[in-house]
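# Survey of secondary and tertiary structure
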Amino acid sequence: MTSIQNAVEDEFGDVDRLAIYNLLPSTSPSAVLPLGAIVAIKEPYYKRTADGGLFVRVDHPTDFVPLKPGNSIIPSSLAARITKKSTSALRLKECGNSAFKSGDFETAADFYSDALEVAGQGEDELKQDLHRNRAAANLRIGRYDLAITDALASLLPPGNTSETTRSVNIKALYRAGKAAYEMQDFNQAKRYFDQALELDGGHKEARAEIARTVKRISEQENGHYNFVVMAKSATMQHSQLDHSSFLRRTKVSQTDNRGRGLFSTERLVPGDIVFVEKAFNVAHRDGENISVLLNLNTDRISLGTHNLRLYGTIDKIIWNPTFAKNYLDLFDGGKFKREEEPKVIDGRVIVDTFQVQSIAELNGFGCPRVKSRDESDTNEKSLDHETSTGIWLQASYANHSCLPNVTRAFIGDMMIVHAVRDIPAGGEIFMGYLSPDIPFAERTKRLNDHYGFRCHCDLCQAEAEVPKVAVEKRARLSKEIKLFLSTNRLNSNDIGMIPGAKKARARQLLVEIRETYPKALFEQLPRLQCVEIGLWVAQSAMVKPQYALGKFIDVLRDLGYFVTIKGRNVTVDRRGAVQRVHAVHAAMYAAQCLAAIGNEGAALALESFGKGVFIAISGSEDGFAVEFGRS
Ligand SMILES: C[S@@+](CC[C@H](N)C(=O)[O-])C[C@H]1O[C@@H](n2cnc3c(N)ncnc32)[C@H](O)[C@@H]1O
């Protein structure tokens, strides 16, 4: 709903109000629409205001083009008003340098571009300086593709061995390396840094950058990360982590009936890392402000951080064709014209805001502000307006299942994805867009309304067969259970004091809700609404460890883990497993019970299982010992 506005006058002297939408909130209005500027607007249209007035509205920032003096499309009556300043390239370069010094990199880049336009023949050295300086400005404002092009255009012929040549070429290569690093093109970044170091073996910064880049390459190739250190380093102020993505165990291919999907390239077992991905873009809530995004294309309103993500994405792809190509390849709902390559005009990628928005809506993930361990409920894709939201490109190709075979966790802006079940080489990877805790009818409606498909996973097929009376009974019992749990919170110190009638009531609720999952349909599947009350029943029985153990194993079964304990050996069949913190609780309590009855071997095995689930849902084992360690 926010825009940059100003009055505009056309060649006939008619005046209107102009509003440009979908720009980053940090954009300076005077930089976009300065007094006296001449602009062109592609396909302008009027929008009526609430009070009946009219204004010209621009939705797509690249439909708005500032025109430089001398541009042939400026009508003569307007052209006559411009007092063309005859400024030399050198003078413009100085203006650029002073804008750069004052931290206004966008203006600096504009001055360097103006200077490059007027620089004449025989001013090659000046042109190279301008490219090099513009590379530095572009680097600061996230225009990495342009920064690389500029840096390379500024290189002086290697044959010239003067000290100045060497020093400016090192600068250029260093800038190209930094830009390639920001684009996650670490091999290319290393090549540029290596070339800089070849010119000056003592260049400390280049050496440091090479060391950093080598680490990124190792992460990318081997998936070697120290997640505990990463988790400790992520904070509110520092949530964009300096790490690379590890994607080589997955690839994108066509599915039979779900468009493209994500597939594994090797056999994976539960607990394996499937991929680790750095965010393309994440938006966090801005203090107390909640923003409203009206999507005129879909007639939908989103609350929260979606608008910031949209503006951030638009800004990022307008200036970086490489990012644009990757982003615009994602599923957009099928209503937009798709180009093989992004269209670039005057250095900017032409974007359709509605397409960018549609992609964001269909591919965005909800995520925690800092890391998964801080927030338990980030299991929904992007529909909760309270959480932060982001785009992870590779993850976006994964289709949905209510019983996903992988689980995701976040540390800063890194998504860490673990296997829940065995995945054969070439098997499709499914993520959960919506939590299977959401009742079937609502889940089905939401998947259809938001993503436009119907889920046919095993859980949905079973749910579809559940008789209506059982569905209604389950809904009623769920409410009763919620009420019971909120009024009967367990305190581990006085578990022995719980009145027998309360325990009996809990057991009865558990039996009744389990009955709403017909045996024949749910033999292999989770019964999620039983989990919380089941945990209560089991915990309240901890004074009788052997008995409680059976109850905890039942909770794991309700979560889809079929556990068998034979002597010291524990086997877990995860055919219906849903990764939840409840599984960690159940496993750790069960381990306590086993230890109490003298089966230390099985206790350790269950602890190790619980820890595995904890790592998968948190991203690392950071905090496990504090929260779940046995005293
Ligand atoms: C994030 S995209 C997933 C990748 C997408 N299939 C593609 O071709 O790029 C989400 C879209 O994929 C499709 N999709 C995801 N899961 C599906 C499923 N279980 N069954 C059918 N279509 C599904 C829907 O069209 C959904 O809007």
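Everything numeric here is computed off the predicted structure, so don't read it as measured data.

Bringing the sheet that holds strand E18 (residues 406-411) into the picture now. Where strands meet in a sheet, backbone hydrogen bonds hold them as pairs that are either parallel or antiparallel. Taken in spatial order, the 3 strands line up as E9-E19-E18 in an open sheet, and their pairing is antiparallel. The outermost strands of the open sheet, each flanked by one partner alone, are strand E9 (273-278) and E18. Ignoring which end each strand starts from, the neighbouring axes of this sheet average 20° apart. Pairing analysis gives 6 bridges linking E18 to strand E19 (residues 414-419), with the strands arranged antiparallel. If you follow arginine 408 over to E19, its bridge partner there is valine 417. Running over the sheet, helix H22 (residues 600-618) touches E18 and E19 and is turned about 60° from E18.

This paragraph deals with the nonpolar core. Grouped together as the largest cluster of nonpolar side chains are 148 residues, with contacts concentrated most on Ile533, Phe552, Leu556, Ala586, Ala587, Ala590 and Leu606. Core analysis: the next-biggest nonpolar cluster, separate from the first, contains 5 residues, Ile20, Tyr21, Val58 and Phe64 among them.

Our next topic: the sheet that holds strand E10 (residues 281-283). What the 3 strands build is an open sheet, ordered E10-E16-E15; its pairing is antiparallel. Two strands lie at the open edges of the sheet, namely E10 and strand E15 (365-367), each paired on one side alone. In this sheet, adjacent strand axes meet at a mean angle of 30° when their direction is disregarded. Across the sheet, helix H11 (residues 306-318) lies against E10 and strand E16 (388-391), angled at about 150° from E10, the strand it touches most.

This part is about the site of the ligand. Taken together, 16 residues are adjacent to the ligand, and Gly259, Arg260, Phe331, Asn399 and Phe453 come closest. Tallied by class, residues from the shell around the ligand come to 6 nonpolar, 8 polar and 2 charged.

It is at 9 Å that the axes of helix H4 (residues 105-118) and helix H5 (residues 124-140) come closest, and there the two elements cross at 155°. By the criterion of interaxial angle, the relationship of H4 to H5 is roughly antiparallel. Between H4 and H5 the crossing geometry is left-handed. Seen from H4, the contacting residues are Phe105, Ala108, Ala109, Tyr112, Ser113, Ala115 and Leu116; seen from H5, they are Lys127, Leu130, Asn133, Arg134, Ala137, Asn138 and Arg140. Per-class residue counts for the contact of H4 with H5 are 8 nonpolar, 3 polar and 3 charged.

Neither face of E16 is open: one carries Ser388 and Gly390, the other Thr389 and Ile391, and all of them are buried. Pairing of E10 with E16 involves 3 bridges; the strand directions are antiparallel. When the bridges of E16 are listed, alanine 283 appears paired with threonine 389. Sheet analysis places E15 next to E16, joined by 3 bridges and oriented antiparallel. Each residue of the ladder has a partner; that of glycine 366, found in E16, is threonine 389.

The rules behind these values
- Residues numbered from 1 in each chain as written.
- Predicted model: local features only at pLDDT ≥ 70, side-chain atom pairs only at ≥ 80, totals over all residues.
- Pairing = 2+ DSSP bridges.
- Helix = DSSP H or I, 4+ residues; strand = E, 2+ residues; numbered from the N terminus.
- Axes fitted to C-alpha atoms, helices over the stretch in contact; angles between N-to-C directions.
- Contact = placed C-beta atoms within 7 Å.
- Core = buried A, V, L, I, M, F, W, Y, C linked by C-beta atoms within 7 Å.
- Buried ≥ 20, exposed ≤ 12 C-beta atoms within 10 Å, placed from the backbone.
- Near = placed C-beta within 6 Å.
- Nonpolar A, V, L, I, M, F, W, Y, C, P; charged D, E, K, R; others polar.
- Parallel < 35°, antiparallel > 145°, perpendicular 65-115°, else oblique.
- Left-handed = near helix turned anticlockwise from the far one by under 90°.

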